[in-house]
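What the coordinates show
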Amino acid sequence: MTSRLRPPWIIALVTLLAAALGVVPAAGRGVARAADAPYKDPSLPVATRVDDLLSRMSLDDKAGQMTQADRGALTTVSDVAAYRLGSILSGGGSAPSSNTPSSWADMYDNFQRQALSTPLAIPMIYGIDAVHGHNNVVGATIFPHNIGLGATRDPDLVERVGRATAEEVSGTGIDWTFAPCLCVARNDRWGRTYESFSEDPQLVTQMTTIVDGFQKAGNASILATAKHYVGDGGTTGGRDQGNTELSEADLRAIHLAPFKAAVQRGVGSVMVSYSSWNGARMHGNKYLITDVLKGELGFKGFVVTDWAGIDQLDGQTGFTANEITTAINAGVDMVMVPNDYKKFISLLKQEVQAGRIPTSRIDDANRRILTKKFELGLFEKPLTDRSYTSTVGSAAHRAVAREAVRKSLVLLKNAGNVLPLAKTGGKIFVAGKSADDIGNQSGGWTISWQGSSGNITTGTTILQGIRDLVGSGAQVTYNRDGSGIDSSYRAAVAVVGETPYAEGQGDRTGSMGLDSTDLATLQRLKASGVPLVVVLVSGRPLDIAGQLDQWNALVAAWLPGTEGRGVADMLFGDSAPSGRLPMTWPRSADQEPINDGDGKDALFKYGYGLDYTVPPPQSPPASPSPSPSPSPSPSPSSSPSASPPAGGCLVTYRTNDWGGGYTADITITNRSSSAVNGWRLQWTYAGNQKITGYWNAVVTQSGQQVTASNASYNGTIGANGGTASFGFQGTYSGANATPAAFTLNGAACAVG
Ligand code: GLC
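Residues numbered from 1 in each chain as written. Predicted model: local features only at pLDDT ≥ 70, side-chain atom pairs only at ≥ 80, totals over all residues. Heavy atoms only, no water.

**Observations regarding the site of the ligand**
- Taken together, 13 residues surround the ligand, and among them Asp129, Arg192, Lys227, His228 and Asp306 come closest.
- Between the ligand and the protein, one listed contact pairs an oxygen atom with a side-chain N or O atom of Arg192 at 2.8 Å.
- Between the ligand and Asp306, the relevant distance is 2.6 Å, taken from an oxygen atom to a side-chain nitrogen or oxygen of the residue.
- Taking 310 Å² as the accessible area of the ligand by itself, protein coverage stands at 96%.
- In terms of residue class, the shell around the ligand is made up of 6 nonpolar, 2 polar and 5 charged. (Near = heavy atom within 4 Å. Polar contact = N/O pair within 3.5 Å; in protein donor to acceptor, adjacent residues only side chain to side chain. Areas by Shrake-Rupley, 256 points an atom, 1.4 Å probe, with all protein chains shown as cover. Nonpolar A, V, L, I, M, F, W, Y, C, P; charged D, E, K, R; others polar.)

Given below as structure tokens:
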């Protein structure tokens, strides 16, 4: 079969002759109509389609493809066609007036129809910062920021986060996210620390699975962006857009490694960093962009600048022809102008026509861009796939986000096993500026560029998550600043930390401690004597060493996003803490930069994180009586052995007391040579202790007589030193003396 493909030079020659004679080539006579052109044929190899299309493109077409404008900068929507714009973006917070998924989709389709109205009908590609969910869209699922995802140590989960995000992004038409940031944050002063998975390049590398989540989402696949190339997280002093002063060997070992992994996964685009390497701006670094990224690493996608990134090359505001030439010749393929796109196109064409930018460079850039557009299927399906629009904020995606929140939490302190809290009995006090604030718990890049405190989108605050989980099992009192706390509460949960910020606005050059609002709240709670559980909502490790000894427990929650219930799940034992620090936690801000292996004495080392030493508490009876009454479940795995353990037993009974409340942790040690199958521990209080909640056993009380029976999962106490543990909470007045005697299945135990 003769090939339908006419050699490009024939097409170009006839087109030029036709144009010169003012004759529009008629269909079928020598020159294929665009509608029949090979590049329109999805059965042909992408490379063939690219070659055909490129051969039909004018300099206007090619310059347009390399131009990205912000939606808000367009003089008129028809400029998309008039200037042959290859890409539109939404910078942080650049949203349609009605911020709903369908309005986003309508806006996208409107821009796309303009692009398709051009003679070659090359679809535009729309980019957005979907960096922790589709975070510009009200109602979208907001996932934990990367620092929290790094704490999960779960690459598979992170891939699922990427896929869920891709579905929500696709549901609004958009085809390209400027994510993941593969920044390796080496100084926590940096305002973008939370956009980094870790200080450790290997952990960041492991999390590049999110690229597959974005790009292998079936019909919802979107283009991913590995950013910011390269060394953005390694600047001196952690200054955003600063200077990374490193040897090439260290730059490669610390900052290049994750990009190598992303390229191997086929990441579609790479965004250049604002930062400099040893004084040279990355946006003009031909060695690293062309020789290393495209040559050595074999990157086949396209390189995009950061927002107005080329403007910084000469240190003056705005961009010049020289800056354009420097960046394009360094290997930049698309320029996020993003405002004065008309001037950019004019100067770019001027530089090409003057021979300062080779046509070969222009053609290479276009090949790369067009290849990704063909691979994305934009020529076949250029408009929104509305079947995904309903996935925005869906229950299924929120479930993934809640799982990610649970797994991101790092338990840093848990004195007296105050966590997990019992779900039932007594009163719990919740306080802190971030307890009931979806904006704070989401952080920057949420609805707006910088993010903001307040009820900015739909989701579950941490307080609401606690209320939903506890239900009527206990009284939950909330007061933002802690006013009203007293010793009648069995625990206080303080959710404190940072308010939202993004990029350089988040740089902390001075203190990295808690603000005065938080410190006052914590002081008020501490004064009550109630066990204090601190949940830190922050984009980085904070300087809290000076307050830590006043806290009974500390949980690093990072920036969890909309699913605050995940925090409650862990606080009350529906999930056990499994997060591990992705960043070294400094003893003092003066230690920054502080990283694993640098020999500095950290407060908490990289990789640190506690587990619950006891299994999560069983679910106690649905409607507990004020003082626990015998409950049918959980029943012991078998009835307590008739004979008491020969060789005896040892009981340790430890309490954490405050005001009129206490928690108790009990461990039973079986010193006999035979296992105990099913146990019942009994004692008599001398005082007026009243047990109000319990875990890992069923604890009943009749007057001063107390009986604790094993749960189904800890009924066996192994021989020769085996142990079983359980705990409970209670109230008392006057003394809270340790009982003088305990019996295990009727036999006296020693008291340790
Ligand atoms: C910003 C950020 C970059 C983002 C881009 C578009 O300045 O540096 O991460 O993708 O501009 O919003």
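Here the narrative resumes.
**Some words on the state of the cysteines**
- This model, assessed by the stated rule, comprises 2 disulfides.
- Through a disulfide, Cys181 is tied to Cys183; the S-S separation comes to 2.2 Å. Between Cys181 and Cys183 the sulfur-sulfur dihedral comes to about 140°; the bridge is accordingly right-handed. Taken as a pair, Cys181 and Cys183 share a single burial class, namely buried.
- Note that Cys649 is cross-linked by a disulfide to Cys749, the S-S spacing being 1.7 Å. Its torsion about the S-S bond being -95°, the disulfide of Cys649 and Cys749 is classed as left-handed. With Cys649 in strand β18 (residues 649–658) and Cys749 in strand β28 (residues 747–751), this pair connects stretches of sequence that are 100 residues apart.
- Judged by relative accessible area, Cys649 falls into the buried class, the value being 3%. (Disulfide = S-S within 2.5 Å. Buried < 20%, exposed > 50% of the residue type's maximum accessible area, 1.4 Å probe, protein only. Helix = DSSP H or I, 4+ residues; strand = E, 2+ residues; numbered from the N terminus.)

**Details of the domain arrangement of the protein**
- For the protein, the assigned domains are domain 1 (37–127 + 172–181 + 222–229 + 258–389), domain 2 (407–591) and domain 3 (649–751).
- Summarising the inter-unit geometry, the C-alpha centres of domain 1 and domain 2 are found 41 Å apart. (Domains from an automatic or database assignment.)

**Considering the packing of aromatic side chains**
- Applying the stated rule across the entire model yields 23 aromatic pairs.
- Aromatic pair Phe604 and Tyr608: ring centres 5.1 Å apart, planes at 20°, arrangement stacked.
- Judged by its relative accessible area of 7%, Phe604 is buried.
- When its relative accessible area of 29% is taken as the criterion, Tyr608 is described as partly exposed. (Phe/Tyr/Trp six-rings, centres within 6.5 Å; stacked < 30°, edge-to-face > 60°.)

**Some words on the pairing of strand β13 (residues 427–431)**
- In terms of burial, β13 is a largely internal element, 5 of the 5 residues being buried.
- Burial along β13 is two-sided: Lys427, Phe429 and Ala431 and Ile428 and Val430, pointing in opposite directions, are all buried.
- The pairing of β13 with strand β14 (residues 475–478) spans 4 bridges and is parallel. Considered in β14, the bridge of Lys427 is made with Gln475.
- Pairing of β13 with strand β15 (residues 491–497) involves 4 bridges; the strand directions are parallel. Bridge pairing in β15 links Ile428 to Ala491. (Pairing = 2+ DSSP bridges.)

**Regarding the pattern of salt bridges**
- Considering all chains together, one arrives at 38 salt bridges under this definition.
- Ionic pairing is found between Asp364 and Arg368, a salt bridge with its closest N-O pair at 3.2 Å. Of the two residues, Asp364 and Arg368 are both situated in helix α14 (residues 359–376); the distance of 4 residues between them amounts to about one turn of the helix.
- The class for Asp364 is partly exposed, based on a relative accessible area of 26%.
- A relative accessible area of 11% means that Arg368 is categorised as buried.
- Linking Arg508 and Glu498 is a salt bridge whose minimum nitrogen-to-oxygen distance equals 2.7 Å. Here Arg508, found in the loop between β15 and α18 (516–527), pairs with Glu498, found in the loop between β15 and α18; they are 10 residues apart in sequence, far enough to count as distant.
- Glu498 sits in the buried class, given a relative accessible area of 6%.
- Here the residues in one salt-bridge network are Asp154, Asp156, Arg160, Glu403 and Lys407, joined through shared partners. (Salt bridge = Lys/Arg side-chain N within 4 Å of Asp/Glu carboxyl O.)

**What about the environment of Leu542?**
- Its location among the elements puts Leu542 in the loop between β16 (532–537) and α19 (545–548).
- Spatially, the C-alpha atom of Leu542 lies 43 Å from that of Gly687, the residues being 145 residues apart in sequence.
- Excluding residues within four positions of it along the chain, Leu542 makes contact with Gly497, Glu498, Arg508, Met512, Leu514, Leu536 and Trp585. (Contact = heavy atoms within 4.5 Å.)

**So, empty space enclosed by the protein**
- Under the criterion given, the structure shown has 5 cavities of 30 Å³ or more.
- Size it by volume and the largest cavity reaches roughly 80 Å³.
- Asp61, Gln65, Arg84, Leu85, Gly86, Ala115, Thr118, Pro119, Leu120, Ala121 and Ile122 together form the lining of the largest cavity.
- Counted by class, the lining of the largest cavity contains 6 nonpolar, 3 polar and 2 charged residues.
- The space that makes up the second largest cavity amounts to roughly 60 Å³.
- Considered class by class, the residues forming the lining of the second largest cavity number 2 nonpolar, 4 polar and 4 charged. (1 Å grid on protein atoms, 1.4 Å probe; cavity = no way out; pocket = protein on both sides within 12 Å on 5 of 7 lines; lining within 4 Å. Points joined across faces, edges and corners; volume = space filled by probe spheres on them.)

**Re the layout of surface pockets**
- Quantified by volume, the second largest pocket comes out at close to 300 Å³.
- If you go around the second largest pocket, you meet 19 residues; those closest to its centre are Ser170, Asn219, Ser221, Leu376 and Lys381.

**Focus: the sheet that holds strand β7 (residues 269–272)**
- Strand order in the open sheet made by the 3 strands is β5-β7-β10, with parallel pairing throughout. Single-partner strands in this sheet number two, and they are β5 (225–229) and β10 (302–304). On average, adjacent strands in this sheet sit at an angle of 25° to one another, irrespective of strand direction.
- Here β7 pairs with β10 via 3 bridges, running parallel. (Axes fitted to C-alpha atoms, helices over the stretch in contact; angles between N-to-C directions.)

**Overview of unusual backbone geometry**
- Here the bond from Ala179 into Pro180 is cis, since omega is 10°, no more than 30 degrees from zero.
- Note on placement: Pro180 falls in the loop between β4 (176–177) and α8 (201–206).
- Note that the residue after Leu419, namely Pro420, is joined by a cis bond; omega there is 0°.
- Along the polypeptide, Pro420 turns up in the loop between β12 (410–414) and β13.

**Comments concerning the confidence of the model for the protein**
- Counting all residues, the mean pLDDT for the protein is 91, and 90% of those residues have values of 70 or more.
- Within the model, the stretch residues 18–32 combines pLDDT values under 50 with 11 contacts to residues more than four positions away or in other chains.
- A low-confidence stretch, residues 615–642 (pLDDT under 50), is modelled with 64 contacts involving residues beyond four sequence positions or located in other chains. (pLDDT = per-residue confidence, 0-100.)

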